[in-house]
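Summary of the model geometry
So you can see what is in the structure, the chains are spelled out below.
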Amino acid sequence: MKPGIHPPYGPVVFRDRAAGFAFLTRSTATSDKTVEWEDGSTYPVIDVEISSASHPFYTGTARVLDTAGRVERFERRYGSRGSSGDRGSSGDRGGRR
């Protein structure tokens with residue numbers, strides 16, 4: 001690595017205020033705000049909107065969408081197109097412009 005061209009890489013606290021969760025890691029991200037960590041040292045803190053503590057996928061509150069029902073509803077509404085190649089007179093619509 002060339003010296004002098006890379007940003008400083010050091011300890012930073014990422015804090016999810018919605019979940020009351022924070023973790024200390026290393027990053028090149030910086031902040032003017034600081035926080036005193038559990039070890040008594042002061043580190044820059046970056047507030048994030050969502051983390052593994054508040055994301056529905058990780059917390060187990062994610063909803064499963066009924067994709068089969070959505071496909072059936074679409075086919076009822078617009079009809080299903082067979083594989084007969086009925087695409088109109090233009091043929092392949094993804095051609096060059």
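Up top is the structure.
Residues numbered from 1 in each chain as written. Predicted model: local features only at pLDDT ≥ 70, side-chain atom pairs only at ≥ 80, totals over all residues. Heavy atoms only, no water.

Time to look at the pairing of strand β2 (residues 21–27). The sheet contact formed by strand β1 (residues 10–16) and β2 spans seven bridges and is antiparallel. Within β2, the position partnered with Phe14 by the bridge is Phe23. Hairpin connection of β1 to β2: four residues between the antiparallel strands, including Gly20 at a positive phi of 65°. (Pairing = 2+ DSSP bridges. Helix = DSSP H or I, 4+ residues; strand = E, 2+ residues; numbered from the N terminus.)

Another aspect to go through is a positive patch on the surface. A contiguous patch of positive charge, built from Arg70, Arg73, Arg76 and Arg77, is present on the exposed surface. Structurally, the position occupied by Arg76 is in helix α2 (residues 67–78). Classification of Arg76 as exposed rests on a relative accessible area of 64%. (Patch = residues over 30% accessible without salt bridge, like charges linked within 9 Å, V, L, I, M, F, W, Y side chains within 5 Å. Areas by Shrake-Rupley, 256 points an atom, 1.4 Å probe, with all protein chains shown as cover. Salt bridge = Lys/Arg side-chain N within 4 Å of Asp/Glu carboxyl O. Lys, Arg positive; Asp, Glu negative; His and termini not counted. Charge placed at Lys NZ, Arg CZ, Asp CG, Glu CD. Buried < 20%, exposed > 50% of the residue type's maximum accessible area, 1.4 Å probe, protein only.)

Once that is clear, we can look at the environment of Pro8. Locating Pro8 in the fold gives a position in the segment before β1. Relative accessible area serves as the criterion here: at 64%, Pro8 is assigned to the exposed category. Taking the C-alpha atoms as reference points, Pro8 and Ser27, separated by 19 residues in sequence, lie 8.3 Å from one another.

What follows is about the side chain of Asp16. Mapped onto the elements, Asp16 comes out in strand β1. It turns out Asp16 is buried and unbridged, and the closest side chain with the opposite charge, Arg17, is 8.5 Å from it. When near neighbours in sequence (up to four residues on either side) are disregarded, Asp16 contacts Phe21, Val48, Glu49, Ile50, Ser51 and Ser54. (Contact = heavy atoms within 4.5 Å.)

Spatially, the four strands line up as an open sheet ordered β2-β1-β4-β3, and their pairing is mixed. The outermost strands of the open sheet, each flanked by one partner alone, are β2 and β3 (34–36). Averaged over all pairs of adjacent strands, the angle between their axes in this sheet comes to 45°, without regard to strand direction. Sheet analysis places β1 next to strand β4 (residues 42–48), joined by four bridges and oriented parallel. Counterpart to Val13 in the pairing with β4 is Val45. (Axes fitted to C-alpha atoms, helices over the stretch in contact; angles between N-to-C directions.)

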